[in-house]
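Chain residues, written in single-letter form:
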Amino acid sequence: MHFSFSSLINMTVACCILTGIFYLLLRYNRLLSRFGTSIVLAVASVALIRFLIPIEFPFTKSVYIYRIYPPVYRFFHSELIRIGGNSFNLYQILLGISIIGSIILLIGSAVKYVRIYKFCENCDSVKDEHIDQALTQVCAEMKKNKRFHVVECNFITTPQIFGIHKSFILIPAADHDIKNWRPILKHELIHYYHGHLLYNILCNIMCCLYWWNPLVYLFRKLMRHLMEMDVDNKITRSGSREEVYDYLLCLSTVAAKQAESNMQNPWSASFALKKPTFFKKRSELLLESIKCERKPFMWSTLFLGLVMCSFLLISIFVIFEPSSRHEELFNETEHRNLWDFSEEGCFLLKNESGSYTIYVDWKIFEQNIKFPIDDPDIRIYVNLEEAYEKESQK
């Protein structure tokens, strides 16, 4: 397993394409309701984890590209400056800037997380009979016995849950007049027990790692929206029409109290996001679930599922790399037909810098080849020990 320029480019392109797919999918309520928010969230979660691991696996197969990609590769790997006898290319400089930026953002995020955690610990506990009773009922219904600390916060306008080990349910100070706390607390506990807080943390780590890619922030936003709609679906799936209407009324009541001064907490999961357009979409999706029964099978659903899953599998098992054609390399080196890669001792050795060295009859023939040659008989090794071991078996 190793990190390379090609793996970074592949993950960047995959992130852009999958974000576009999720964005289009979330625009159409009927398709989303038929497909199921849980399935879409599961696929998005796998994609999220894959983005956090931009490496090539031992079983990854290379697919070579001859046009556009090779000139781009040469552009980023051409020597840009030389300092103290060491040469640096554009890719190395940009990678260094990216790593430094990621470290700064990760440290800043960790500091902010700790500050919010300490802030929650210093908040006053809520002593409300309706809230305590509703929380006890929801925990009993879900058959869970974890302790949640219900605290009052003056800087938020919608209930939120925060913290994985020691969890806090933050209640706005102005919301004590709400009588039906059960759907609100159930909403927050579903966020917790379905790992949505962990998803938020992973999304923020992804934004720190790919801070230079604007689409990762859209991906994080879509993930938050998808988690909210998934919780809505889980709460109303087994409920009657009256229960769905009650939940929708509770959602609208909380959403109406939101203000622009809402405390920004990217690690929490809230009951209602403040965007009016998103509240409208959640309401339409809930009403859609009332009007039409969910069908167990749809060809469009199957097609979309296959496309998304295939895309994920390709990103894991296949990597696209720039390559020179076999004939083109012969022409460049002016040694046409001088060797046959099917013979013993003819192979490519991959260097630590990412370039390749051609060995012919166990002797170095050509060095610093920028990318591998596309040939069915070619063999690529990471060191000479592996080459001796594998070649002796021929």
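Since the structure is predicted, the reported quantities are computational estimates derived from the model, not experimental observations. (Residues numbered from 1 in each chain as written. Predicted model: local features only at pLDDT ≥ 70, side-chain atom pairs only at ≥ 80, totals over all residues. Heavy atoms only, no water.)

S.K.: Quick rundown of the overall build of the chain? Include the residues and the values.
M.R.: Scanning the chain for helices and strands turns up 14 helices and 14 strands. A sequence separation of at least 24 residues applies to 73% of the contacts in the chain between residues at least 6 apart. Summed over all atoms, the accessible surface of the chain reaches about 21,200 Å², with 59% contributed by carbon and sulfur. (Helix = DSSP H or I, 4+ residues; strand = E, 2+ residues; numbered from the N terminus. Contact = heavy atoms within 4.5 Å. Areas by Shrake-Rupley, 256 points an atom, 1.4 Å probe, with all protein chains shown as cover.)

S.K.: I'd like a rundown of the environment of Cys 15, residues and numbers included.
M.R.: By the element assignment, Cys 15 lies in helix H1 (residues 5–26). Note on Cys 15: relative accessible area 4%, which makes it buried. Along the primary structure Cys 15 and Phe 51 are separated by 36 residues, whereas in three dimensions their C-alpha atoms are 7.2 Å apart. Leaving out residues up to four positions away in the same chain, Cys 15 has contacts with Phe 51, Asn 213 and Val 216. (Buried < 20%, exposed > 50% of the residue type's maximum accessible area, 1.4 Å probe, protein only.)

S.K.: Mind laying out the pattern of salt bridges, listing which residues take part and the relevant values?
M.R.: A complete count under the given rule lists five salt bridges for this structure. Notably, a salt bridge pairs Lys 166 with Glu 121, separated by 3.5 Å at the nearest N-O pair. Here Lys 166, found in the loop between strand E5 (160–162) and strand E6 (167–172), pairs with Glu 121, found in helix H5 (residues 90–122); they are 45 residues apart in sequence, far enough to count as distant. The exposure class assigned to Lys 166 is partly exposed, which follows from its relative accessible area of 27%. (Salt bridge = Lys/Arg side-chain N within 4 Å of Asp/Glu carboxyl O.)

S.K.: Residues and numbers for unusual backbone geometry, please.
M.R.: Within the chain, Lys 143 stands out as a residue other than glycine whose phi angle is a positive 60°. Within the secondary structure layout, Lys 143 lies in the loop between helix H6 (129–142) and strand E4 (148–153). Note on Lys 143: relative accessible area 76%, which makes it exposed.

S.K.: Help me get a handle on the packing of H5 against helix H8 (residues 196–209), residues and values and all.
M.R.: Between H5 and H8, the least distance of the axes is 8 Å, while the angle of their chain directions is 150°. Between H5, through Ser 98, Ser 102, Leu 105, Leu 106, Ser 109 and Tyr 113, and H8, the contact on the second element is made entirely by Ile 201, Ile 205, Cys 208 and Leu 209. Tallied by class, the residues present in the contact of H5 with H8 amount to seven nonpolar, three polar and no charged. (Axes fitted to C-alpha atoms, helices over the stretch in contact; angles between N-to-C directions. Nonpolar A, V, L, I, M, F, W, Y, C, P; charged D, E, K, R; others polar.)

S.K.: Please provide a residue-by-residue account of the nonpolar core, values included.
M.R.: Grouped together as the largest cluster of nonpolar side chains are 35 residues, with contacts concentrated most on Phe 22, Phe 51 and Leu 226. Broken down by secondary-structure element, the contributors of at least two residues to this core are H1, helix H3 (37–51), helix H4 (69–77), H8, helix H9 (215–236) and helix H12 (299–317). Tallying contributions element by element places H1 first for this core, with ten residues. Those residues in contact with Phe 22 that sit more than four places away from it in its chain are Val 40, Val 43, Ala 44, Phe 219, Leu 222 and Met 308. Counting residues in hydrophobic clusters, the runner-up holds 23 residues, among them Val 126, Leu 135, Ile 171 and Val 231. (Core = buried A, V, L, I, M, F, W, Y, C linked by side-chain atoms within 4.5 Å.)

S.K.: Summarise the packing of helix H7 (residues 182–193) against H9; cite the residues concerned and give the values.
M.R.: Here H7 crosses H9 at 120°, and the two axes come no closer than 10 Å. The angle between H7 and H9 falls in the class oblique. Crossing of H7 against H9: the hand is right-handed. For the pair H7 and H9, the contacting residues are Pro 183, Lys 186, His 187, Ile 190 and His 191 in the first and Met 227, Glu 228, Val 231, Asp 232, Lys 234 and Ile 235 in the second. Within the contact of H7 with H9, the residues separate by chemical class into five nonpolar, two polar and four charged. (Parallel < 35°, antiparallel > 145°, perpendicular 65-115°, else oblique. Left-handed = near helix turned anticlockwise from the far one by under 90°.)

S.K.: Go over the side chain of Asn 10 with me, naming the residues and quoting the values.
M.R.: Residue position: Asn 10 is located in helix H1. With relative accessibility at 13%, the residue Asn 10 sits in the buried group. Beyond its immediate stretch of four places on either side in the chain, Asn 10 contacts Tyr 69, Val 318, Ile 319 and Phe 320.

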